[in-house]
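Structural overview for review
Here are the chains, one letter per residue:
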Amino acid sequence: MKKYKILVLMMVFMGLIIGIGFSQDKARSSLDVNFYKAALYYDEAKYDKAIGEYNKILNQEYESGNLYYNLGNCYYKKGLLPQAIAYYEKAKRFIPRDADLIENIKYVQSKITKSYQEPRSNFMKYIISKTFGKMNINEIMIFIFIVNIIVCVLLVLRIIFMSLRRYFLYPLLIFCVIGVITVYSSAQRVAKLGKEAIVVSAEAVVKFEPQDSATTHYIIYGGEKVILISRDKNWHKVRRLDGKVGWIKVQDLKII
């Protein structure tokens with residue numbers, strides 16, 4: 001009797017595995033159909049329909065750099081440059097080294113009006129940006145793991161080879177510094193998730209207070225990036241990249 005129970009449990013387990021695999025294949029098939037339709041609509045210059053297909057994919061909680069890149073291209077073809085920038089920026093989180101994406105971002109940003117002169121980064125931020133800016137979050141995490149392994153190996157070698165421990169000191173310090181910088185970079189990247197937005201209106205008014213009757217603080221143009229600070233109903237408190245803070249309507253922003 002015990003053997004039969006084990007057999008039944010094994011059959012149930014195998015059925016669950018097969019069912020999960022089938023559901024994943026079915027979901028993947030549905031995504032492929034949506035991608036195929038979107039590509040056809042794009043080739044036929046039916047950009048609204050292509051956007052609709054891509055949004056169906058997003059509604060299935062699937063994200064990728066190519067998906068956001070294609071959405072950005074659709075909005076660019078429609079002449080909606082701020083929306084194109086927003087989706088290109090989303091794509092950049094996944095495929096930061098993609099040459100076509102980088103060129104598209106540069107080109108589209110050169111076409112938008114700027115409301116201010118973006119300040120230069122300090123030396124440390126510049127170095128970190130150049131070093132880790134072309135890595136996505138997953139790649140940074142893998143890099144951190146590798147650095148930690150190297151540090152652990154160097155520590156073990158210092159313990160085992162006592163007479164040579166001084167030779168391991170400088171490599172150990174170097175990799176510790178690299179590890180700290182990498183962790184800082186990843187923490188900064190994670191902190192920005194859901195906290196950055198692109199202005200998608202052609203021109204948006206930024207107020208001193210979250211009220212229509214409040215005094216205008218400054219004007220910001222479509223395609224410019226802001227940092228989200230807080231929200232009050234239909235208003236977002238934002239900080240421009242030059243540090244200027246104000247309130248802007250939620251509908252004027254696309255979170256990236």
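Since the model is a prediction, treat every value here as computed from it, not as a measurement. Throughout this description, residue numbers start from 1 for each chain and increase along the sequence as written. Side-chain atom pairs in this predicted model are given and counted only at pLDDT of 80 or more, local residue features only at pLDDT of at least 70, and totals for whole chains, interfaces and linings cover all residues. Where side-chain values are given, they derive from all heavy atoms of the structure, hydrogens and water being excluded.

Some points on the packing of aromatic side chains
By convention here, two paired aromatic rings are described through the distance between centres and the angle between planes. Formally: Centre distance within 6.5 Å is the pairing criterion for rings of Phe, Tyr and Trp, where only the six-membered ring of Trp is used; planes under 30 degrees apart are then read as stacked, over 60 as edge-to-face, and the remainder as tilted. Numbering goes from the N terminus for both helices and strands, where a helix is a DSSP run of H or I of at least four residues and a strand is a run of E of at least two. By the criterion adopted, a ring carries a charge over it if an Arg CZ or a Lys NZ lies within 6 Å of its centre and within 35 degrees of its normal.
Using the criterion set out here, one finds eight aromatic pairs in the structure. Centre to centre, the rings of F35 and Y54 are 6.1 Å apart; their planes meet at 70 degrees, and the pair counts as edge-to-face. Here F35, found in helix 1 (residues 2–43), pairs with Y54, found in helix 2 (residues 47–59); they are 19 residues apart in sequence, far enough to count as distant. The cationic tip of R240 hangs over the ring face of Y218; the distance from NZ or CZ to the ring centre is 4.4 Å.

Observations regarding unusual backbone geometry
To be explicit about the condition: A simple rule labels every residue: compare its accessible area, found with a 1.4 Å probe on the protein chains alone, to the largest value its type can have, and call it buried under 20%, exposed over 50%, or partly exposed in between.
Notably, A45 is not glycine yet its phi reads approximately 65 degrees, a positive angle. Summarising the element assignment, A45 is placed in the loop between helix 1 and helix 2. For A45, a relative accessible area of 44% puts it in the partly exposed group. At K233, a residue that is not glycine, the phi angle is positive and equals roughly 55 degrees. Here K233 shows up in the loop between strand 4 (225–232) and strand 5 (235–240).

With respect to the nonpolar core
Stated precisely, the cut-off is as follows: The set of buried Ala, Val, Leu, Ile, Met, Phe, Trp, Tyr and Cys residues whose side-chain atoms join them within 4.5 Å is what this entry labels a nonpolar core. Any two residues whose heavy atoms approach within 4.5 Å at even a single point are treated as in contact.
Grouped together as the largest cluster of nonpolar side chains are 26 residues, with contacts concentrated most on Y54, I57, L71, Y75, Y88 and L101. Among the secondary structure elements, those contributing two or more residues to this core are helix 1, helix 2, helix 3 (65–77), helix 4 (81–94) and helix 5 (99–110). Setting aside chain neighbours within four positions, we find L101 in contact with Y69, Y88, A91, K92 and I95.

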